[in-house]
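# Per-entry structural report
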Amino acid sequence: MVINLNIIKNANKIWLFFLDLIFPIECLGCGREGEWLCDQCYREIKLKPKQYCLHCKKENNLGEFCAPCSVIYNLDGVWIAALYDEILISQAIKSLKYHFISGLSETLSKLLIICINKILEQRQVLKSSLTDGVNWRTLNQAKKLPVAILNFNENLVIPVPLSKKRLRWRGFNQAELIAQKVAEKYNLKLDNKNLIRIKHKKPQAKLNEIHRLENIKGCFSWQGENLNKKNIILVDDVVTTGATLNECAKILKANGAGEVWGLVVAKG
Ligand SMILES: [Zn+2]
Ligand SMILES: [Zn+2]
């Protein structure tokens, strides 16, 4: 059994190497050779200027669900780097997923890193302003900062898993490739084993929000030890209603997780 799995893994690696050879590396934006997205085109990508409550779209600094919306979610909030309407973003995600260009995961993870840095800046501003003596306004603001941001270095990164069937077809989980780079950057622990997808859901695209929530129920399972209040950053490439992230958050919290935040490249 072990030998078979290794053969499959190696075959995937060879296949990906082969794809890189037959498809010339050229910029998705301008066609310049050598990179999947050249610096110039990369800089033209418009990032989401502000985060918002994913449910009612009211803008805020941290992407948390606002009080009335939070009661229907297990997830604490979602950090979104860009909108899927950004043509280079949608092209990059599609190329990563459907043309198996795994090299694009690096490009997309950079967007997530910019997004996280912006979120973390708020923690740093608060810390530095507090050192000049107690400023009650900033102190009160600090109290409102989510634990996942205050104790960012303690967070655990988990990619949204694919079903075995989908993983076999694609050869890699795009969310995992992106999550690995984010975890490396911030020296966070990555867990890519214990959250698993046990059911293959029907395609979500044509379903409305309520049906999506129903469709995704029972699709995930946690195989690991109790998470013991650890805060989780759940990484995925695209979020639409948040049904998938929320279902993962439900399972993680049932297994002891503290806060669970989504981190996604694009809002579809
Ligand atoms: Zn370019
Ligand atoms: Zn809201």
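You'll find the structure just up there.
Our subject in this report is the structure included herewith. Source: prediction; values computed, not measured.

Quick notes on the rules
- Residues numbered from 1 in each chain as written.
- Chains lettered and ligands numbered in written order.
- Predicted model: local features only at pLDDT ≥ 70, side-chain atom pairs only at ≥ 80, totals over all residues.
- Heavy atoms only, no water.
- Donors = N, O, S within 2.8 Å, 3.2 Å for Na, K, Ca; no water.
- Tetrahedral: all angles 85-135°; square planar, octahedral: opposite > 155°, others 65-115°.
- Helix = DSSP H or I, 4+ residues; strand = E, 2+ residues; numbered from the N terminus.
- Buried < 20%, exposed > 50% of the residue type's maximum accessible area, 1.4 Å probe, protein only.
- Contact = heavy atoms within 4.5 Å.
- Polar contact = N/O pair within 3.5 Å; in protein donor to acceptor, adjacent residues only side chain to side chain.
- Salt bridge = Lys/Arg side-chain N within 4 Å of Asp/Glu carboxyl O.

Our focus in this paragraph is the coordination of the zinc ion (ligand 2). At the metal site, the zinc ion (ligand 2) is ligated by Cys53 (SG), Cys56 (SG), Cys66 (SG) and Cys69 (SG), and these contacts range over 2.2 to 2.4 Å. Between the 4 donor atoms coordinating the zinc ion (ligand 2), the angles at the centre fall across 100 to 119 degrees, so the site counts as tetrahedral. Between the donor residues of the zinc ion (ligand 2), the gaps in sequence give the motif C-x2-C-x9-C-x2-C. With a gap of 16 residues between them, Cys53 in the loop between strand E1 (51–52) and strand E2 (59–60) and Cys69 in helix H3 (residues 67–70) connect regions that are remote in the sequence. Note on accessibility: Cys53 and Cys69 belong to one class, buried.

Coordination of the zinc ion (ligand 1) by the protein is provided by Cys27 (SG), Cys30 (SG), Cys38 (SG) and Cys41 (SG), with metal-donor distances spanning 2.3 to 2.4 Å. For the zinc ion (ligand 1), all donor residues lie on one chain, and their spacing in sequence is C-x2-C-x7-C-x2-C.

Turning our eyes to something else, we now look at the environment of Lys199. As for its placement among the helices and strands, Lys199 is situated in the loop between strand E6 (195–197) and helix H10 (209–216). Residue Lys199 is classed as partly exposed on the basis of its relative accessible area, which comes to 42%. Separated by 36 residues in sequence, Lys199 and Ser163 have C-alpha atoms that sit 6.8 Å apart. Setting aside residues no more than four positions away along its own chain, Lys199 makes contact with Lys217, Gly218 and Cys219. A polar atom in the side chain of Lys199 sits 3.4 Å from the backbone oxygen of Lys217.

Attention now moves to the pattern of salt bridges. Scanning the model with the defined rule gives 4 salt bridges in all. A salt bridge links Asp76 to Lys253; the nearest nitrogen and oxygen atoms lie 2.8 Å apart. You can see Asp76 sitting in the loop between H3 and strand E3 (77–83) and its partner Lys253 sitting in helix H11 (residues 243–254), a full 177 residues away along the chain. Residue class for Asp76 comes out partly exposed when judged on its relative accessible area of 24%. In this structure, the salt-bridge partner of Lys250 is Glu247, at a minimum N-O distance of 3.4 Å. With Lys250 and Glu247 both in helix H11 and 3 residues apart, this pair spans about one turn of that helix. Lys250 sits in the partly exposed class, given a relative accessible area of 32%. Judged by its relative accessible area of 6%, Glu247 falls in the buried class.

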